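# Structure at a glance
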Amino acid sequence: MTENYAQREHTDFTGASRTALDTPTLQIALERLGGTLAAGNRAAWEKLPESNLLRERARQIKAETLARLDHYLAQAADSVERAGGHVHWAADAAEAREIVLGIARDRGVKRIVKSKSMTSEEIHLNGAIEAAGLAVVETDFGEFIAQAARQRPSHLVAPIIHMTVEQVATVLSEALGRELPPDPKTLAAAARQRLREEFRNADMGISGANFVVAETGAICIISNEGNARLTTTVPPIHVAIAGIEKVIPRLADLPIFLKLLARAATGQKMSVYSSLITGSRQLAAGSRVQDESLLLPTANCLLPELDGPTEFHLIFLDNGRSRILAGPYRESLYCIRCGACLNTCPVYRKVGGHAYGGVYAGPIGAVITPLYDGLGDYPLLPHASSLCGACQAACPLKIRIPHMLISLRKDLHDQPAGGFAESLIYRLWSLALRSPMLYRVGLWLASRLLGGREGGWLARMPGPLAGWTQARDFPAPARETFRDRWRQLDED
């Protein structure tokens, strides 16, 4: 992927896709995706006999939550505050950034560590922190490398899937100031040594939240690296940023999602770390917490907690979600950011994540990026799909992504991406479908001009249709149409 497409958001899906297809190292990396994460996803569902029931139950929980989202958000906020935490509400990305910077300013924060969070990517938090003169370091290994390379993550769970180990070695050698060999274990050890110092010196830790339990106020963070726990426990201040759709009603609902998320993302039965964080550290029994049942019980007394941050802040982010909730694309809010749809999508597996232009890539990105940032700015993304249905089959919540992509294409009817030429083609096609005579004439011309090719496939289409055959063949029209054969049968 070229530097520009990897480093910044853009709306040039066509240009970025061409660059991706012409990048051999990216094609090699994406080729591995089908045999690793995608294969793990399929195997995981096969090994879990009740997976279909769990997926349906997860859909029901999400539907229930979104139907009463105001109630569960209020319950979650009350629960967090009872546990000694602070709750903030951000209507958009700018407000969320200002809340984070305000907390940092008021408490004299200078150094910040972050665990992996797509929500923080969505609000472009790192740039705002650096512009305020503060130091911020990503601590997920992949995100740390992407930050050092000044690139955006290209996958929901594998941020640097687009990079080779040789490229990673070059980036880390420059970032750490010493020559490192292209050996994964050596590179990981070097990054770990650097990050341990960052954890020790950090004034604030920032995380996302995979789930927020309304009943208890606990946030759940799922990770395969220990960085998330260090980010949320070592610094004295912990700030978590969660989309409002991350709320689930009850703690008893959480195991259902834990069983599904790891299997969908990486094929694991369970992620290495599943952390539940409820409020801030209680410095003395009953000193900050309003509900003493949340303290640690012993035989005869309540003990204060000795570890963890002294302040916990939870930021609920809207940023367009309320608008989506009230519209026909509510189901897109079911997404738990597992990346399964990316791993199975034939389009993503050819062009990678940076081609999509926004924070979210793949089939779900083709839906939510236009919804968050404007369909007019991303008119090509709903078309970045073959509608094969692999994304829906892989999705742990069976989100009907193909259905929503078709609906978005319908929404584009009044603002066609191709301008006058595309509008003219659609009008002529519509006219032909409504006129039997024009349809027969068009079919006859197509069969005479394009039909009868050897093998039944067209390697190259004429004119504006040539883009289709740049990467795949097109089935050639039959020399004999259905009407020709029917007429012949009638004569016989």
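Residues numbered from 1 in each chain as written. Predicted model: local features only at pLDDT ≥ 70, side-chain atom pairs only at ≥ 80, totals over all residues. Heavy atoms only, no water.

## Brief notes about the overall build of the protein
- Helix and strand content of the protein: 23 helices and 14 strands.
- Against the 2.2 N^0.38 benchmark of 23 Å for 492 residues, the protein shows a C-alpha radius of gyration of 26 Å, consistent with a compact globule.
- Projected onto its principal axes, the C-alpha positions of the protein cover 100 × 55 × 45 Å.
- Counting the 492 residues in the protein, one finds 50% classified as buried.
- Working note: accessible area of the protein is about 23,500 Å², and carbon and sulfur atoms make up 55% of it.
- Taking the average place of the 55 positive charges on the side chains of the protein and the average place of its 52 negative ones, the gap between the two points comes to 4 Å. (Helix = DSSP H or I, 4+ residues; strand = E, 2+ residues; numbered from the N terminus. Rg over C-alpha atoms; globule rule 2.2 N^0.38 Å. Buried < 20%, exposed > 50% of the residue type's maximum accessible area, 1.4 Å probe, protein only. Areas by Shrake-Rupley, 256 points an atom, 1.4 Å probe, with all protein chains shown as cover. Lys, Arg positive; Asp, Glu negative; His and termini not counted. Charge placed at Lys NZ, Arg CZ, Asp CG, Glu CD.)

## What about the nonpolar core?
- By size, the foremost hydrophobic cluster in this structure holds 89 residues, and its most contacted members are Phe-211, Val-212, Ile-219, Leu-314, Phe-316 and Tyr-356.
- Looking at this core element by element, the count peaks at eight residues for helix H14 (residues 254-266).
- If you look at the next biggest cluster of nonpolar residues, it comprises 23 residues, including Ala-96, Ile-206, Val-239 and Leu-317. (Core = buried A, V, L, I, M, F, W, Y, C linked by side-chain atoms within 4.5 Å.)

## Focus on the pattern of salt bridges
- If you walk through the whole model with that rule in mind, you get 15 salt bridges.
- Ionic pairing is found between Arg-321 and Glu-122, a salt bridge with its closest N-O pair at 2.9 Å. With a gap of 199 residues between them, Arg-321 in helix H15 (residues 321-325) and Glu-122 in helix H8 (residues 118-122) connect regions that are remote in the sequence. Exposure class is identical for Arg-321 and Glu-122. Each is buried.
- Of the charged contacts in the structure, one is a salt bridge between Arg-150 and Glu-130, with a shortest N-O distance of 3.6 Å. On the criterion of sequence distance, the pair formed by Arg-150 in the loop between helix H10 (141-148) and helix H11 (165-176) and Glu-130 in helix H9 (residues 125-131) is long-range, its members being 20 residues apart.
- With relative accessibility at 32%, the residue Glu-130 sits in the partly exposed group.
- One network of salt bridges, with partners in common, ties together Glu-122, Glu-245, Arg-321 and Arg-337. (Salt bridge = Lys/Arg side-chain N within 4 Å of Asp/Glu carboxyl O.)

## As for the confidence of the model for the protein
- Across the protein, the average pLDDT comes to 88, with 91% of residues at or above 70.
- Here residues 284-289 is a poorly scored stretch, pLDDT under 50, and it has 17 contacts once near neighbours within four places are set aside; other chains count. (pLDDT = per-residue confidence, 0-100. Contact = heavy atoms within 4.5 Å.)

## Considerations on the environment of Pro-153
- Tracing the chain through its elements places Pro-153 in the loop between H10 and H11.
- Residue classification places Pro-153 among the buried positions, given a relative accessible area of 9%.
- Sequence separation of Pro-153 and Gly-142 is 11 residues, and the distance between their C-alpha atoms is 8.1 Å.
- Here Pro-153 is in contact with Glu-121, Glu-143, Pro-159 and His-354, once residues within four sequence places are set aside.

## Regarding the sheet that holds strand E4 (residues 204-207)
- The strand order E1-E12-E7-E4-E2-E3 describes an open sheet built from six strands, whose pairing is parallel. Both edges of this open sheet fall to strand E1 (86-90) and strand E3 (135-138), since each of them pairs with a single strand only. The mean angle between the axes of side-by-side strands here comes to 20°, regardless of whether they run parallel or antiparallel.
- When E1 meets strand E12 (residues 311-317), the two strands line up parallel, connected through five bridges. Residue His-86 lies in a different strand from E12, and its bridge partner there is His-313.
- Packing of helix H6 (residues 69-82) onto the sheet brings it into contact with E1 and E12, and relative to E1 it is tilted by some 145°.
- Against the sheet, helix H7 (residues 93-106) touches E1, E4, strand E7 (237-243) and E12, its axis set at about 145° to E1. (Pairing = 2+ DSSP bridges. Axes fitted to C-alpha atoms, helices over the stretch in contact; angles between N-to-C directions.)

## Overview of the sheet that holds strand E8 (residues 247-248)
- Pairing in this open sheet of four strands is mixed, and the strands run E8-E5-E6-E9 from one edge to the other. Two strands bound the open sheet, and with one partner strand each, they are E8 and strand E9 (273-277).
- Sheet analysis places strand E5 (residues 211-213) next to E8, joined by two bridges and oriented parallel. Across the sheet, the residue bridging to Val-212 is Val-247, located in E8.
- Sitting on the sheet, H14 touches E5, strand E6 (219-223), E8 and E9, and the angle it makes with E6 is about 15°.

## Observations regarding the packing of helix H18 (residues 362-373) against helix H20 (residues 401-411)
- Running from amino to carboxyl end, H18 crosses H20 at an angle of 40°, the nearest separation of the two axes being 9 Å. Our classification of the angle between H18 and H20 gives oblique. As for the relative orientation of H18 and H20, their crossing is left-handed in sense. In this structure, H18 contributes Pro-363, Ile-364, Ala-366, Val-367 and Leu-371 to the contact, and H20 contributes Ile-401, Met-404, Leu-405 and Leu-408. (Parallel < 35°, antiparallel > 145°, perpendicular 65-115°, else oblique. Left-handed = near helix turned anticlockwise from the far one by under 90°.)

## Some remarks on the state of the cysteines
- Across all of its chains, the model carries zero disulfides by this definition.
- Cys-395 supplies the cysteine sulfur nearest to Cys-338, a cysteine that is in no disulfide, at a spacing of 6.0 Å.
- Looking at Cys-338, the relative accessible area reads 7%, which means it is buried.
- Cys-388 carries a free sulfur, and the closest cysteine sulfur to it, the one in Cys-391, is 6.3 Å from it. (Disulfide = S-S within 2.5 Å.)

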